[in-house]
Amino acid sequence: MRVYCDFDGTITVLDTTDQVLAHRADPRWRELEDDWVAGRITAAECMRGQIALIDTDEAALDAVLDRCELRPGFIAFAGWCRDNGVALTVVSDGVDRFITRILSRHGLDGLPVVSNQLALDGESYRLAQPYARLGCAAGSGVCKCAVVTEAAGDGPMVFIGDGRSDFCVSARADILFARDKLAAYAAERKQAFTPFETFDDVRAALASLHARRHTA
């Protein structure tokens, strides 16, 4: 069993990048958001433009990140995966600097993370997107479909997500846990999924499946 989990709005209660933009970016970030929603630019282009608008005060950035809350049950879920030999990878179209700061604060800095990468370029931030793929259906900076395909292994592939960047990859999951926009998307397409509100829900469902697979 391999578990891939989105970060913003899934592992965290709110979208971390949106929180940073709302508190630390030039208001023009909202214009880029509108352009993306309207389909005038890709998600990857939107993110690059928005990140360049963030103030580079590191202490102020950390103060915003340190107020971001994890969804209840995630720490216990990560521990269950570790204790049962279940590979858990965070795969996000968010920002590595934001993700690792939050995970580290909760003692989870050992989790593998696949995401966009933040760099300081002179007096402004720049977003590197090494996991972008030409032709990505989602137009994202991180092509989640490519990530889960390249790391294919034995056992079912589990995906846990909530938003638009998860739409395409959700069709590749053997087991899908979905909430918010992803749940609505899956329901519209009559795709099987398990709704969840906390990671206690996810852990209970996977623990039962894991036990059946190892006693069969």
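Residues numbered from 1 in each chain as written. Predicted model: local features only at pLDDT ≥ 70, side-chain atom pairs only at ≥ 80, totals over all residues. Heavy atoms only, no water.

Draft legend 1. Summary view of the layout of surface pockets. Of the pockets and cavities examined, the largest pocket occupies roughly 780 Å³. As for the largest pocket, its lining consists of 34 residues, of which Asp 15, Trp 36, Gly 163, Arg 164 and Ser 165 are closest to the centre. At the level of elements, α1 (16–24), α2 (29–37), α3 (43–51), β2 (87–95), α8 (167–170) and α9 (180–188) are the ones that each hand at least two residues to the lining of the largest pocket. (1 Å grid on protein atoms, 1.4 Å probe; cavity = no way out; pocket = protein on both sides within 12 Å on 5 of 7 lines; lining within 4 Å. Points joined across faces, edges and corners; volume = space filled by probe spheres on them. Helix = DSSP H or I, 4+ residues; strand = E, 2+ residues; numbered from the N terminus.)

Draft legend 2. Here's a closer look at the state of the cysteines. Per the counting criterion, the structure on display carries zero disulfides. No disulfide involves Cys 68; its sulfur sits 16 Å from that of Cys 5, the nearest cysteine. You can see Cys 143 has no disulfide; the closest cysteine sulfur is in Cys 136, sitting 3.8 Å from it. Judged by its relative accessible area of 8%, Cys 143 falls in the buried class. (Disulfide = S-S within 2.5 Å. Buried < 20%, exposed > 50% of the residue type's maximum accessible area, 1.4 Å probe, protein only.)

Draft legend 3. Focus on the sheet that holds strand β3 (residues 113–121). With mixed pairing, seven strands are arranged side by side in an open sheet as β4-β3-β2-β1-β5-β6-β7. Each edge of the open sheet carries a strand with a single partner, namely β4 (124–128) and β7 (194–195). Bridging between strand β6 (residues 175–178) and β7 involves two bridges; their strand directions are parallel. Residue pairing for β7: Ala 178 is matched across the bridge by Pro 195. (Pairing = 2+ DSSP bridges.)

Draft legend 4. Just empty space enclosed by the protein, in detail. Within the structure shown, the criterion is met by one cavity of 30 Å³ or more. Its boundaries defined by the atoms lining it, the largest cavity holds a volume of some 40 Å³. If you trace the largest cavity, you find it lined by Cys 136, Ala 137, Ala 138, Ser 140, Val 142, Cys 143, Lys 144, Cys 145, Ser 165, Cys 168 and Val 169. Elements represented by at least two residues in the lining of the largest cavity include exactly α7 (144–150) and α8. For the lining of the largest cavity, a count of residues per class yields eight nonpolar, two polar and one charged. (Nonpolar A, V, L, I, M, F, W, Y, C, P; charged D, E, K, R; others polar.)

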